[in-house]
Amino acid sequence: MQLVADRWYIVLDADELGTKPLGVRRHDTPLVFWRHAGAVHCARDQCPHRWARLSLGTVEDGCVTCPFHGFRFDGGGECTHMPPDGEGGPSRQMTVQTWEVREEHGFLWIWWGERRESYPPIPWFEELDEPGWRWRWSRIAETWDTHWTRVAENQLDFTHLPFVHRTSIGRGLDPTVQVSVESEGDRLTTWASNQETRLELIAPNLWRNRLGGKVNIVMVFVPIDEQTTHTYVRFYQRLVPVPLLGDLVCWLSKWPNAFILGQDRRVVTSQEPAPARLRNGEQLVKSDAPIIWFRRWQETHATQEES
Ligand code: FES
Ligand SMILES: [Fe+2]
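A quick note: this is a predicted structure, and the numbers were derived from the prediction, not measured.

1. Brief notes about the environment of Leu239
Turning to step 1, where the next piece is worked out: Relative to the assigned elements, Leu239 resides in the loop between strand S18 (228–237) and helix H3 (245–252).
Turning to step 2, where the next piece is worked out: In sequence terms Leu239 and Asp145 are 94 residues apart; their C-alpha atoms lie 35 Å from each other.
Turning to step 3, where the next piece is worked out: Not counting chain neighbours up to four residues away, the residues in contact with Leu239 comprise Lys214 and Val215.

2. Some points on the domain arrangement of the chain
Many analyses report the size of an interface as the accessible area lost when the parts associate.
Turning to step 1, where the next piece is worked out: The assigned domain composition of the chain is domain 1 (7–112) and domain 2 (126–306).
Turning to step 2, where the next piece is worked out: Spacing between the C-alpha centres of domain 1 and domain 2 amounts to 31 Å.
Turning to step 3, where the next piece is worked out: Counting every contact that joins domain 1 to domain 2 gives 4 salt bridges.
Turning to step 4, where the next piece is worked out: With its nearest N and O atoms 3.1 Å apart, the salt bridge here joins Arg139 to Asp15.
Turning to step 5, where the next piece is worked out: Linking domain 1 with domain 2 are 11 residue pairs in polar contact (both at pLDDT 80 or more).
Turning to step 6, where the next piece is worked out: Within the residue set of the side of domain 1 that touches domain 2, elements represented by two or more residues are strand S1 (7–13), strand S2 (22–26) and strand S11 (107–112).
Turning to step 7, where the next piece is worked out: It is S1 that provides the largest number of residues to the side of domain 1 that touches domain 2, a total of 7 residues.
Turning to step 8, where the next piece is worked out: Considered class by class, the residues forming the side of domain 1 that touches domain 2 number 7 nonpolar, 3 polar and 7 charged.

Procedures and definitions
- Residues numbered from 1 in each chain as written.
- Chains lettered and ligands numbered in written order.
- Predicted model: local features only at pLDDT ≥ 70, side-chain atom pairs only at ≥ 80, totals over all residues.
- Heavy atoms only, no water.
- Helix = DSSP H or I, 4+ residues; strand = E, 2+ residues; numbered from the N terminus.
- Contact = heavy atoms within 4.5 Å.
- Domains from an automatic or database assignment.
- Salt bridge = Lys/Arg side-chain N within 4 Å of Asp/Glu carboxyl O.
- Polar contact = N/O pair within 3.5 Å; in protein donor to acceptor, adjacent residues only side chain to side chain.
- Nonpolar A, V, L, I, M, F, W, Y, C, P; charged D, E, K, R; others polar.

Pasting the structure below:
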């Protein structure tokens, strides 16, 4: 799957991973996650012995243990125990590919790229680290039948609002609009002349809609494979910053948010061919400026890696 490498990617809501190994498909790759001693590990969900799914196994001594013949693999991918060999110990070739993982802001992130000595910090919207924000009861997760770039681009598109959302957030909006963009590194901010809101993307796949200083909608576009995307949506609010009442406000946001997502989904999953690329024949216009930025960002970083 074509993805800009050497970046942190959100792959799961951290609460989805309990004490047992969890197998998921991400980046068109089967992955197994497991917890041990406060850390999260991630490996290819395929035992190198005879390719059984490690996620069907257990965690023993901090290692994911294959359900088929009991081989164990640590967070670095080394085989630490090979029962048929007894005292002889595992061979050095018996390794499984692993990825660096972080658990931050309630998400699990993997470093998609070469392993290295040290890693850059997790990119995030610093404002959301300030006290008073509540979001936990607001979570929505959906799987859409389309490429993740289509889901991301839809969240950078102001001009669909009066049409796709004409019965909800786009009601009565003037369709004539000037769209502006500003960017720095992997971060894009975009706004429109007919709306108060600001949209921000931390490429590749983390987005927020900043509705003033007290309400934000955060959305993540998680690539599963070329035709499938998992999305996580959260409603951050500090209008009501107290427990329970504030949590109730978050919980109530789920229904309108899910309704709006449904309006998007119907149209976005109709776009073909699925992956969004520059010069693919689509006739982009001036108001597509944020979408052009995103396509350029991907192309630029993909090219840099090849050279
Ligand atoms: S297939 Fe995993 S130990 Fe044999
Ligand atoms: Fe939309």
